[in-house]
Amino acid sequence: MNAVRPPSPSAPPSPPTAAAPAAPRGGPDLSAAELADLRPHVITLEDGKLATGAPSEPRDVGAYRTTTGDIDALFETHLPAFVAAHAPGPVPVVLYAHGGLVDKASGFGIAQQQVAWWKENGVYPIHFVWETGLGTALWDALRRWASGGRRGWVDEAKDTFLEVAARLLGGGGIWNDMKIDAAAASVKGGGGHYFVRALAKFMADHPNEIEVHAVGHSAGSIFHSHLLDAALAADVPEIASLNLLAPAVRVDTFSKLVMPHARSGKIARVAIFTMDDEAERADTCLRIYNKSLLYLVSASFEPQKATPILGMAKFLTRDAELADFFTGASADGELVLAPNAVGVRTASAATSHGDFDNDGPTMESVARRVAGVATVTSFPRKSREVAPWPEYEDVPAAAGSRSAAGAVAGAAGAADAAPGAGARRALCIGVDAYPDEGDRLKGCVADERAWAEALRAAQFEVTELTDAAASRDAILRGILELVSQAAPGDVLAVQYSGHGTFVPDLDADEDDGDVAKDEALCPVDFRKQGRLIIDDDLARIWDVIPEGVALTAFFDSCHSGSANRAPRVDLTPVGDSLPRAVVLTREDEEAYRADRGVAPVSDEADPVRDAAIASVLASEVVAPAAPRAAGVRREVLFSACKATEVAWESGGHGDFTRTAIPLLTTGVGSVSNRDFVRQVVEQFGPNRRQTPEFHGEEVLGGRILLGTASASAVAGDGAGTVGTGAVTPVGPGARTDAGAASDRQRDAVVAILRATADLLDA
């Protein structure tokens, strides 16, 4: 069966003309009687598990729980009664799994919308409400995003910033937890595992009385990939059909868990309803990201950028096995691309990711496949109380000065710059007061203040984060805002003084097994919480530095930006000298793994979660992270020491800071980056215990210290000479037209990143 293609791509939704109130949360308020009517058809799972104790009669959705007794009653009483009323069989039973943007109340709303309709069409529905809550978390993070007036900038750059921010500020962890919950249902001890064993027993005891179908929307495809594999392993004889709507499951997961059964005929028919790539790119996610949710999942929530997702037609058709199965000359599966009005089993009017499960033509096409009939009753499409995406809200205008709670921000010097001048912005960070006494340092905050003073003297607007304010969230938020506001001609600086460390390499960008390490900075909240900033995190940000923007980082810690394994160094204090490096404990490493979504988050033993994590990992191919492209790196990093050395502090300052700042003060505008680091090393002398280094593209070594991206050679008057022979001042100067035109764009991205950062507080 070949793909059914739409006659024309869907058009993007029109932006609103005025701000509207936020969409309300939660599903419909269901009475105790309505919940009792749904009891034979709804299975709720919390972290993949059933509730313990006896079945109850809840008075509201929040109190609704499913127990093993409820599942027993389903197969002993409710399903047999329906089968008897619709004899002769086989009677279709549909297993429905909602998407990841659905909380418990909304899951009940979908069940209430569909249950009676399925039954009218002779189908017994069983809805899994698996309480993902992803939508709630995203709404909490994004509800204050730009109103209509801020949607004038809808280009690729904004989406790229958003993808990086969403990944670094929690989106990946939320998505991974959702995948673990989906898998947890089907491992031993999970509610889905109990269900499929009961289903297999019923089918063995009542042969040919029922046939099983599965329907999943979005992340419901992840749930079903694990559930159907478990069902067939439990001796459910066959899955009559699998119908996936805009599936968010990874291609490799689907290929491992589902395709062997589809090829063998154990899953008799498979259909995927989704959009083509042009329609995916015309969709919006949360009305601020200018592509579909699946694009955001692929680019941001999954560990590797551009992870192939099944519901993205461009990935499905590139995979040789899937392309042959769904679109080949003798295809066994069917790919339905929306919107289209072709055929009674292939029609779909969906024009966005969230439409499919509430679209009449789509759901009626699926029902005809499940019921095996040509005519079904009309789908009861509803204006749901919870929209797939929130409505617009007003967003306060972005302020010119930024600071986190507890941070000290100042714009002395920068405030005096000429109107329209190229911006010079810096973020300075220092952490002495680590919670664990053994980690505490004495000179990092003093370093931060010294760097801030020197940078202000060089006409930088400086934001400061010290001690308790220098959490992982705040540091990443600060760097992201710094980069996202930049326009061609701007000069940025990031300074950090604190501990550095090494963490296990989790993304396979090194091939040395357990030896491989990622370098990491240690925010104030790193111990026992795993809240570390690894070099890969920083690389994601450096890679979206706009063209024409210069960024220089000064790291007075053990972080070279180049090592791939932890060196063997002595961290014993010497006199008043303290090393700016720590070794993580096993507990710290486990917390780091948990924070990255690859280990249990609880100290208590949880065999279901452990098995679910193993199941998710086993279903995914961990590809080595793609190396950063050469020739596009725009950052310069000055590190305090080599990867095999230790950065030290003594006399109230970091040794690197104490040596570098006087040279910075005299060198801005008069030396190149390479000359600067050479002078610093010379000041350390031949018997030095640490050797500061320059890290960056060769061409950046010739750039003027803290000069614009075009200042690549040194003139005697302190000006930088660009490649064309023109002279560009190193300090604030005239802004280009492109830079001036970017102000509105800059404000929009500031709002985006601030809202994304709220994901951590949700």
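Refer to the structure presented above.
Residue positions are counted from 1 within each chain, in the order its sequence is given. For this predicted model, a pLDDT threshold of at least 70 governs which residues receive local features, and a threshold of 80 or more governs which side-chain atom pairs are given and counted, while totals over whole chains, interfaces and linings are taken from all residues. As a rule here, side-chain values come from all non-hydrogen atoms in the structure, and water together with hydrogens is ignored.

Asks: Sorry if this is basic, but what is going on with the overall build of the protein here?
Replies: Helix and strand assignments come from DSSP, with helices taken as H or I runs of at least 4 residues and strands as E runs of at least 2, each series counted from the N terminus. Within the protein one finds 24 helices and 22 strands. The rule is simple: take the accessible area with a 1.4 Å probe, protein chains only, and divide by the maximum for that residue type; under 20% is buried, over 50% is exposed, in between is partly exposed. Going through the 762 residues of the protein one by one, you find that 58% of them count as buried. Of all intrachain contacts in the protein linking residues separated by at least 6 positions in sequence, the fraction that spans at least 24 positions is 78%. Residue-level accessible areas treat just the shown protein chains as cover; the underlying method is Shrake-Rupley with a 1.4 Å probe. As displayed, the protein offers around 28,800 Å² of accessible surface, 52% of which is attributable to carbon and sulfur atoms. Here a residue-residue contact requires only that any non-hydrogen atoms of the pair lie within 4.5 Å.

Asks: Which parts of the structure should I look at to understand the environment of Ser218?
Replies: Here Ser218 lies in the loop between strand 4 (210-217) and helix 7 (220-233). Under the relative-accessibility criterion, Ser218 is labelled buried at 4%. Once residues lying within four places of it in the same chain are set aside, the contact partners of Ser218 are Gly99, Gly100, Leu245, Ala246, Pro247, Ala248, Val249, Leu293 and His353.

Asks: Where do I start with the environment of Thr463 in this structure?
Replies: Within the fold, Thr463 resides in strand 10 (residues 461-466). With relative accessibility at 10%, the residue Thr463 sits in the buried group. For the pair Thr463 and Cys428, spaced 35 residues apart in sequence, the C-alpha to C-alpha distance is 6.2 Å.

Asks: What is the right way to read the packing of aromatic side chains from this model?
Replies: Only Phe, Tyr and Trp rings take part, Trp by its six-membered ring, and two of them pair if their centres are within 6.5 Å. Stacked means planes under 30 degrees apart, edge-to-face means over 60, and tilted covers everything else. Here the structure, examined in full by the defined rule, presents 20 aromatic pairs. An angle of 85 degrees between the planes, with centres 4.9 Å apart, marks the rings of Trp117 and Phe379 as edge-to-face. Here the residue Trp117 occupies a position in helix 3 (residues 104-120), and Phe379 occupies one in the loop between helix 14 (360-371) and strand 8 (408-410), the gap between them amounting to 262 residues. This pair shows no difference in class: Trp117 is buried, exactly as Phe379 is. An aromatic cluster of three or more residues is present, and its members are Phe75, Phe128, Trp130, Phe195, Phe202 and Phe223.

Asks: Got a minute to help me understand the pattern of salt bridges in this structure?
Replies: In a structure, side chains of opposite charge can pair up when their charged atoms sit close to one another. Any Lys or Arg side-chain nitrogen located within 4 Å of an Asp or Glu carboxyl oxygen qualifies as a salt bridge. Enumeration according to the criterion identifies 33 salt bridges in this entry. In this structure, Arg580 and Asp447 form a salt bridge, with 2.7 Å as the shortest nitrogen-oxygen distance. With a gap of 133 residues between them, Arg580 in the loop between strand 16 (578-579) and helix 18 (586-595) and Asp447 in helix 15 (residues 444-457) connect regions that are remote in the sequence. Exposure class is identical for Arg580 and Asp447. Each is buried. Look at the salt bridges and you will find they share partners, linking Lys179, Arg250, Asp252, Glu302 and Glu620 into a network.

Asks: Hey, could you run me through the packing of helix 3 against helix 14 in this one?
Replies: Two quantities define a packed helix pair, namely the angle between the axes and the distance from one axis to the other. Two elements in contact, helix 3 and helix 14, have axes whose closest approach is 11 Å; the angle formed by their N-to-C orientations is 40 degrees. Here helix 3 is positioned oblique relative to helix 14, judged by the angle of their axes. The crossing of helix 3 and helix 14 is right-handed. On helix 14, the residues touching Gln114, Trp117 and Trp118 of helix 3 are Met363, Glu364, Val366, Ala367 and Val370. Per-class residue counts for the contact of helix 3 with helix 14 are six nonpolar, one polar and one charged. In this analysis an axis means a line fitted to C-alpha atoms, helices contributing only their contacting stretch, and an angle means the value between N-to-C directions, from 0 to 180 degrees. For this classification, under 35 degrees means roughly parallel, over 145 means roughly antiparallel, 65 to 115 means roughly perpendicular, and everything else is oblique. Take the far helix as the reference: if the near one is turned anticlockwise from it by less than a right angle, the crossing is left-handed, and if turned clockwise, right-handed. Residues are grouped as follows: nonpolar covers Ala, Val, Leu, Ile, Met, Phe, Trp, Tyr, Cys and Pro; charged covers Asp, Glu, Lys and Arg; every other residue, Gly included, is treated as polar.

Asks: What is the right way to look at unusual backbone geometry in this model?
Replies: Trans peptide bonds make up the majority, and among non-glycine residues the majority have a negative phi. Across the junction of Gly89 and Pro90, the peptide omega takes the value 0 degrees, indicating a cis bond. By secondary structure assignment, the location of Pro90 is in the loop between helix 2 (68-85) and strand 2 (91-97). Residue Pro339 is bonded to the preceding Ala338 through a cis peptide linkage, with omega at 0 degrees. Located in the positive-phi region is Ala306, a residue other than glycine, with phi close to 65 degrees. In this structure, Ala306 sits in the loop between helix 11 (293-301) and helix 12 (313-316). A residue is classified by how much of its surface remains accessible, and Ala306, at 44% relative accessible area, is partly exposed. The phi torsion at Leu706 lies on the positive side, around 55 degrees, for a residue other than glycine. Within the secondary structure layout, Leu706 lies in the loop between helix 22 (698-701) and strand 21 (720-721). Taking relative accessible area as the criterion, Leu706 reaches 1% and is therefore assigned buried.

Asks: What exactly am I supposed to notice about helix 19 (residues 607-619) here?
Replies: Residue pairs spaced three or four apart in an α-helix point in one direction, given the helix's 3.6 residues per turn. Taking 1.5 Å per residue as the helical rise, helix 19 with its 13 residues ought to reach 18 Å, and the 18 Å between its terminal C-alpha atoms agrees with that figure. Buried residues of helix 19: Val608, Arg609, Ala612, Ile613, Val616 and Ser619, and no others. Looking straight down helix 19, one finds its buried side chains confined to an arc of 135 degrees; they lie on one side. Multiplying one less than the number of residues by 1.5 Å gives the expected span of a helix. In this description, one arc is meant: the one made by directions from the helix axis to the C-beta atoms.

Asks: What's the story with the nonpolar core in this structure? I'm lost.
Replies: It is characteristic of soluble globular proteins that their nonpolar side chains tend to be buried jointly. Among the nonpolar cores identified, the biggest contains 76 residues, and Phe195 and Phe254 are the most heavily contacted of them. Residue contacts for Phe254: discarding those within four places in its chain leaves Ser225, Leu242, Leu244, Val249, Met259, Val270, Leu310, Leu322 and Phe326. Residues grouped as a nonpolar core are buried Ala, Val, Leu, Ile, Met, Phe, Trp, Tyr and Cys residues, joined through side-chain atoms within 4.5 Å.

Asks: Looking at this structure, I do not really get the sheet that holds strand 13 (residues 517-521). What am I missing?
Replies: Taking strand neighbours across the sheet as the criterion, the three strands line up as 12-13-14 in an open arrangement whose pairing is antiparallel. The outermost strands of the open sheet, each flanked by one partner alone, are strand 12 (500-504) and strand 14 (533-534). We treat two strands as partners when DSSP finds at least two bridges between them. Two strands pair when backbone bridges link them, and strand 13 and strand 14 are joined in this way by two bridges, in the antiparallel orientation. When the sheet's bridge partners are listed, Leu521 is paired in strand 14 with Ile533.

Asks: What am I meant to see in the side chain of Arg472 here?
Replies: Mapped onto the fold, Arg472 is located in helix 16 (residues 472-484). Looking at Arg472, the relative accessible area reads 4%, which means it is buried. What qualifies as a polar contact is a pair of N or O atoms within 3.5 Å, subject to a donor-acceptor requirement within protein and to the restriction that residues adjacent in sequence count only when both atoms come from side chains. A polar atom in the side chain of Arg472 sits 3.1 Å from the backbone oxygen of Leu168. The residues contacting Arg472, other than those within four sequence positions of it, are Leu168, Pro523, Asp525, Arg531, Leu532, Ile533, Asp537 and Arg596.

Asks: Would you take a moment to explain the side chain of Asp70 for this structure?
Replies: Position of Asp70 among the secondary structure elements: in helix 2. Within the structure, the side chain of Asp70 is placed 3.1 Å from the side chain of Arg39, a separation counted as a polar contact. Setting aside its immediate chain neighbours within four residues, Asp70 contacts Arg39, Pro55 and Arg65.

Asks: Where do I start with the environment of Leu294 in this structure?
Replies: Note that Leu294 resides in helix 11. By relative accessible area, which is 0% here, Leu294 ends up buried. When residues no more than four places from it in sequence are discounted, the contact partners of Leu294 are Ala246, Pro247, Ala248, Glu280, Ile309, Gly311, Met312 and His353.

Asks: Please clarify how the state of the cysteines should be interpreted in this entry.
Replies: Structurally, a disulfide amounts to a covalent bond that connects the sulfur atoms of two cysteines. Count a disulfide wherever a pair of cysteine sulfur atoms falls within 2.5 Å. Per the stated rule, a full pass over the model turns up zero disulfides. Among the cysteines around Cys558, which has no disulfide bond, Cys641 carries the closest sulfur, lying 4.3 Å off.

Asks: Sorry, what's going on with the sheet that holds strand 16 here?
Replies: As a general point, the strands of a sheet are linked pairwise by backbone hydrogen bonds and lie either parallel or antiparallel. Taken together, three strands build an open sheet; the order of strands is 16-18-19 and the sheet is antiparallel. Two strands close off the open sheet at either side, each with one partner strand: strand 16 and strand 19 (653-654). Note: strand 18 (residues 648-650) against strand 19, two bridges, orientation antiparallel. By the bridge assignment for strand 19, Ser650 is matched with His653.

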